[in-house]
Amino acid sequence: MFEHIPAYPGDPILSLNEDFQLDPRPNKVNLSIGIYFDDAGKLPVMDAVRRAESALLESIGPRSYLPMAGLPLYRDTAQALVFGANSEARVAGRIATLQTIGGSGALKVGADFLKRYFPGSQIWISEPSWENHRVVFEGAGLTVNTYPYYDEQTGGLRFADMIETIGRLPEKSVVLLHACCHNPTGVDLSASQWAELVPVLQRRKLIAFVDMAYQGFGAGLEEDAACVRLLTEAGIPVIAANSFSKNFSLYGERVGALSVVCQSAEEAGRVLGQLMSTVRSNYSNPPTHGARLVANVLADASLRASWEAELAGMRERILAMRGTIHTGLAGRVDEVMRARYIAQRGMFTYTGLSESQVERLRSEYAVYVLRSGRMCVAGLNARNAEYVAASIAAVVSGA
Ligand code: KET
């Protein structure tokens, strides 16, 4: 019966991460998946999360189903974090926010919603983008196109080309934007570039679908969400997917949220209802545990302060590692290639390494980066940075 089922070629990120786990070499370095490791190379359990979890353990209660839209306190605190506690749209009750299975689940619920209610719309993602964007949106039946984004020559942004392409899109097209810490390039729009993009989206009557998986890893929690707030205040129809996988180090708990900014509270009620119907037809309702942890941290002043401080420390460690690898590569690779490590922001740097160099890094040095050349700099630490720099130098020189 199943003879015709073809083999799954695997996923460029998750399958590589699984290969890494199976690699027996003791000197292996995982710079593939977007996971933050601490300076000891360990996946941290954040102190605020540990405290919230201990408190939960003390008060184990009944485990009913959550509502289709998720835990109410979670929805409220997540919305406040994304849009700002005093956001006009939020206070007016015109943002529909629901709990999702990670940021990926938010993208999928949003994609299903678009396919159903904007059947004539297509989506445009950056070239390049997170590999799974195309997979999720095509999986929901949308046609996925790209707009110019990364400039391979300079390691920067092709902003003029990006604006030009977006400025020609048909009405009601969907533009997927990374709020901060662009995956995979580490290149973001500046504040003035976001301001320039706004009138283009308005003039063309476009929908902004913002993916924010790295809030707090760029410049700070507020700064990283500034574009979401700018677009919302400008009256652009915003759909925002956010994830707590990285900034709470809760990857496997699958905690995310989807928000749709509407024109009125009444409209938001109808939109939320349809999002709930998508959830019901897919997985019925979301899981409780991760959402309780996040909500309890965000709603408690002391836990929240602790979380914010620890997140700031993670952000600073990433910056320090960027400096370390940049120094380590001095005189070993050309300056254009080297400059990217400190010019780009967030978890990733687009190294400019070729596929064959990436392959040599893995096979000869046990250093894992994605085939695209994307490196997760959050996997570097004081012990492996020099080894990684030397390995890169060796494959670049062809030694
Ligand atoms: N959006 C972006 C831009 C993103 O990088 C990720 C995860 C997600 C959404 C998904 O978040 P989650 O809450 O885990 O569903 N990216 C890393 C892991 C992965 O590919 O799944 C990565 O790029 O390595």
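Not measured: the values here are computed from a predicted model.

Draft legend 1. Representation of helix α10 (residues 226-233) in the model. Along α10, the positions that sit buried rather than exposed are Cys227, Val228, Arg229, Leu231 and Thr232. Gly235 sits one or two residues past α10 and shows a positive phi near 80°.

Draft legend 2. Examining the packing of aromatic side chains more closely. In total, this model carries ten aromatic pairs according to the counting rule given. Pairing Phe113 with Tyr117 gives two aromatic rings, centres 5.6 Å apart and planes at 45°, and the pair type is tilted. Residue Phe113 and its partner Tyr117 are located together in helix α5 (residues 102-117), separated by four residues, close to a single helical turn. Residues Tyr150 and Tyr350 carry aromatic rings whose centres are separated by 5.1 Å and whose planes lie at 85° to one another, so their mutual orientation is edge-to-face. Placement of Tyr150 in strand β5 (residues 150-151) and of Tyr350 in strand β11 (residues 348-350) is noted, with a sequence separation of 200 residues between them. Residue Tyr350 is classed as buried on the basis of its relative accessible area, which comes to 11%. Ring pairing ties together the aromatic residues Tyr74, Phe244, Phe248 and Trp307, which thus form one cluster. Between Lys28 and the ring centre of Phe20, over which it is positioned, the NZ or CZ distance is 4.6 Å. Lying across the ring of Phe348, Arg374 places its NZ or CZ 3.8 Å from the centre.

Draft legend 3. Structural view of the domain arrangement of the chain. Here the chain is described as being made up of domain 1 (12-45 + 307-397) and domain 2 (65-299). The centre of domain 1, based on its C-alpha atoms, is set 27 Å off from the matching centre of domain 2. Counting residues at the interface gives 26 residues for domain 1 and 31 residues for domain 2. Looking at the side of domain 1 facing domain 2, the largest losses of area belong to Trp307, Arg315 and Tyr350, adding up to 30% of the total buried there. Linking domain 1 with domain 2 are one salt bridge, by the criterion used here. Between Arg340 and Glu152 there is a salt bridge, with its nearest N and O atoms 3.7 Å apart. Our count for the domain 1 to domain 2 interface comes out at eleven residue pairs in polar contact (both at pLDDT 80 or more). Where the side of domain 1 that touches domain 2 is concerned, the elements lending two or more residues are α13 (301-328), α14 (335-343) and β11. The element contributing the most residues to the side of domain 1 that touches domain 2 is α13, with six residues. For the side of domain 1 that touches domain 2, a count of residues per class yields 15 nonpolar, six polar and five charged.

Conventions adopted
Residues numbered from 1 in each chain as written. Predicted model: local features only at pLDDT ≥ 70, side-chain atom pairs only at ≥ 80, totals over all residues. Heavy atoms only, no water. Buried < 20%, exposed > 50% of the residue type's maximum accessible area, 1.4 Å probe, protein only. Helix = DSSP H or I, 4+ residues; strand = E, 2+ residues; numbered from the N terminus. Phe/Tyr/Trp six-rings, centres within 6.5 Å; stacked < 30°, edge-to-face > 60°. Lys NZ or Arg CZ within 6 Å of the ring centre and 35° of its normal. Domains from an automatic or database assignment. Contact = heavy atoms within 4.5 Å. Buried area = accessible area lost by both parts, 1.4 Å probe. Salt bridge = Lys/Arg side-chain N within 4 Å of Asp/Glu carboxyl O. Polar contact = N/O pair within 3.5 Å; in protein donor to acceptor, adjacent residues only side chain to side chain. Nonpolar A, V, L, I, M, F, W, Y, C, P; charged D, E, K, R; others polar.

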